[in-house]
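Observations on the three-dimensional arrangement
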Amino acid sequence: MSLRERQRRQVRDEIQRAAYELFAAKRFAEVTTEEIAAAAGVSASTYFRHVRSKDDLLLDPVREGGAGIVALLEERAADEPADVALAQSILARSTALAAVELEHWRAAFRTAPHLLERVALITAEHRARLVELVGERMGRDPREDSTPGLLVHLMLAAAEFGYLQWLRASGHPEMSLAVCVEGALDAVVGERWRVDG
């Protein structure tokens, strides 16, 4: 990552941190973009260079996970079954943030329940790459066999369910993000994906 990219990321992270604190303290709907910019120590124009909308401050951390999941899947052992490799990649990405950061994000998200149904784990581009990678692991061409695409879509839907379950959980410390996502992914992992075809 270049120096410029690191600086951009640092500014974006400061804006996000400031927004999460404000959302948790005042509620999402009551926080203005000007307040977020001031709390982050940036001008309004700098804020808008880094953030498209307030909604994106909460939704982007999940969406940005797609590139991480793809990279993690590419790094896993080639002989690992596709379902296990994909589940472990999703779980590793979901638990990459520190617990404190996750709790700040969840506290902020709770003030914007209208955004819960917009939680999407991955972009279409990253989903397509995952289908391609899973097809390679399964020895199946996703253009001719729907099995790799079905596995990817089911696994991502399960993970999104785990995220939603965790975001809605309040006062249940035993329901960590890892527990919720792993439980949901376990429902999809299985021998049925490993049958030679």
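Residues numbered from 1 in each chain as written. Predicted model: local features only at pLDDT ≥ 70, side-chain atom pairs only at ≥ 80, totals over all residues. Heavy atoms only, no water.

Further remarks concern the overall build of the protein chain. Within the protein chain, the secondary structure is distributed over ten helices and zero strands. Taken from N to C terminus, the helices and strands of the protein chain fall in the order α-α-α-α-α-α-α-α-α-α. Overall, the C-alpha framework of the protein chain stretches about 60 × 40 × 25 Å when taken along its three principal axes. Counting over 197 residues, the protein chain shows a buried share of 44%. Restricting to contacts in the protein chain with at least 6 residues of sequence separation, those with at least 24 account for 69%. On the protein chain, roughly 10,400 Å² of surface is accessible, and the fraction owed to carbon and sulfur atoms is 54%. (Helix = DSSP H or I, 4+ residues; strand = E, 2+ residues; numbered from the N terminus. Buried < 20%, exposed > 50% of the residue type's maximum accessible area, 1.4 Å probe, protein only. Contact = heavy atoms within 4.5 Å. Areas by Shrake-Rupley, 256 points an atom, 1.4 Å probe, with all protein chains shown as cover.)

So, on to unusual backbone geometry. Within the chain, arginine 27 stands out as a residue other than glycine whose phi angle is a positive 90°. With respect to the element layout, arginine 27 can be found in the loop between helix 1 (3-26) and helix 2 (33-40). When its relative accessible area of 44% is taken as the criterion, arginine 27 is described as partly exposed.

Moving on, we come to the pattern of salt bridges. The tally for this structure, following the rule as stated, stands at 14 salt bridges. Ionic pairing is found between arginine 140 and aspartate 145, a salt bridge with its closest N-O pair at 3.2 Å. Accessibility expressed as a relative area gives 15% for arginine 140, which makes it buried. The closest approach of N and O atoms between glutamate 191 and arginine 194, which form a salt bridge, is 2.8 Å. The class for glutamate 191 is exposed, based on a relative accessible area of 56%. Taken together, the salt bridges that share partners define one network made up of Arg12, Arg52, Asp56 and Asp60. (Salt bridge = Lys/Arg side-chain N within 4 Å of Asp/Glu carboxyl O.)

Ranked by size, the top nonpolar core spans 57 residues in total, and within it Leu58 and Leu86 carry the most contacts. Here this core takes ten residues from helix 9 (residues 147-168), the largest share from any one element. Beyond its immediate stretch of four places on either side in the chain, leucine 58 contacts Tyr20, Phe23, Phe28, Trp105, Ala108, Phe109, Ala112 and Leu115. (Core = buried A, V, L, I, M, F, W, Y, C linked by side-chain atoms within 4.5 Å.)

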